[in-house]
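Descriptive analysis of the structure
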Amino acid sequence: QLSVLKKDIAYNEALILSASASTSTSTSKATSKANHIFISHSSINAEIATHFQSLLIKMGVIREHVFCSSIPGQGVREGENINSYIYKKLDEASQIVFLLSQDFVSSPYCMQELGIGWFLSQRTKTKCYYLILSDIEIPEIRGFVNSKTMKFTHLSEQYSSELSPLSECICENYGIPFPKHSAAS
């Protein structure tokens, strides 16, 4: 899974680096307090979450706008009540990316985050995305998943380069340009 993610990240980084240096980002949307991204994952998939967070930063997402509990400085702050802090960060997020795996669906805590994400997507403009890791199939995912707002992306050799559309959606909703891959490249 990690090798597939690294390959997809390298592809997306190449697109980002090939973008014109003169392209400006939309600061009004990107600096909005409500424009945060929450990465929901099992602690067992922390390395994958860390690599995904790196891609977001390289795409232009402001580091402080990403909440990923496995990354020092981005997770729950010392002395904070974990449940309250996680809910606060989910509530602040304009986008939630769920890294779905067997470990994720086996964790009651992760499944609670999935339910909260579903609830927020029903009540607010929160966008939810689902990155399916190679050890799980869609029928195995139970719980609150809204078919109207969901965006499934598979991370496995079978679904090569499927990370680009997800990256493009995140950039669009965050208010930063995503470089288009031209046929001439």
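**Some remarks on the overall build of the protein chain**
Looking only at helices and strands, the protein chain features 7 helices and 5 strands. In the protein chain, the order of α-helices and β-strands from amino to carboxyl end is α-α-β-α-β-α-β-α-α-β-β-α. Expressed as a percentage of its 185 residues, the buried residues of the protein chain come to 45%. Contacts spanning at least 24 positions in sequence make up 71% of the contacts within the protein chain whose residues lie at least 6 apart. Total accessible area computed for the protein chain in this model is approximately 9,500 Å², and 53% of it derives from carbon and sulfur atoms.

**A look at the pattern of salt bridges**
This structure, assessed with the given rule, holds 1 salt bridge. The residue Glu 92 makes a salt bridge to Lys 89 at a minimum N-O spacing of 3.4 Å. With a gap of 3 residues between them, Glu 92 and Lys 89 both fall in helix H4 (residues 82-92), about one helical turn apart.

**Details of H4**
Helical geometry: 3.6 residues make up each α-helical turn, so side chains three or four residues apart lie on a common side. Those residues of H4 that sit buried are Tyr 85, Ile 86, Lys 89, Leu 90 and Glu 92. The buried residues of H4 occupy an angular sector of 165° when projected down its axis, which confines them to one face. Elements that come into contact with the buried residues of H4 comprise strand S1 (36-40), strand S2 (66-67), strand S3 (93-100) and helix H6 (108-123).

**Digging into the pairing of S3**
Across the 8 residues of S3, 8 count as buried, placing the element largely inside the fold. The pairing of S1 with S3 spans 5 bridges and is parallel. Paired with His 36 across the two strands is Ala 93, which belongs to S3. Relative to strand S4 (residues 127-133), S3 is paired through 6 bridges, and the arrangement is parallel. Within S4, the residue paired with Leu 100 across the bridge is Ile 132.

**Considering the nonpolar core**
Ile 39, Phe 52, Leu 56, Met 59 and Ile 170 are the most contacted members of the largest nonpolar core, which has 24 residues in total. Counting residues per element, this core draws most heavily on helix H3 (residues 46-59), at 6 residues. With 18 residues, the next largest nonpolar core counts Tyr 85, Ala 93, Leu 100 and Tyr 130 among its residues.

About the thresholds
Residue positions within a chain follow its written sequence, with the count starting from 1. Under the rules for a predicted model, residues below a pLDDT of 70 receive no local features and side-chain atom pairs below 80 are neither given nor counted, while totals for whole chains, interfaces and linings still include all residues. Side-chain measures were taken over the full set of non-hydrogen atoms in the model, leaving aside hydrogen atoms and water. A helix here means a DSSP run of H or I that spans at least four residues, while a strand means a run of E at least two residues long, and both kinds are numbered starting from the N terminus. Only protein chains enter the area calculation, which uses a 1.4 Å probe; residues under 20% of their type maximum are buried, those over 50% are exposed, and those in between are partly exposed. In what follows, residue pairs with any heavy atoms lying within 4.5 Å of each other are defined as contacts. Shrake-Rupley sampling with a 1.4 Å probe provides the accessible areas, and residues are treated as covered by the protein chains on show and by no other component. Within this document, salt bridges are pairs made up of a side-chain nitrogen of Lys or Arg and a carboxyl oxygen of Asp or Glu, the two lying within 4 Å of each other. Directions pointing from the helix axis toward each C-beta atom define the arc. One bridge is not enough; two strands pair if DSSP finds at least two bridges between them. Buried Ala, Val, Leu, Ile, Met, Phe, Trp, Tyr and Cys residues form a nonpolar core when they are joined through side-chain atoms within 4.5 Å.

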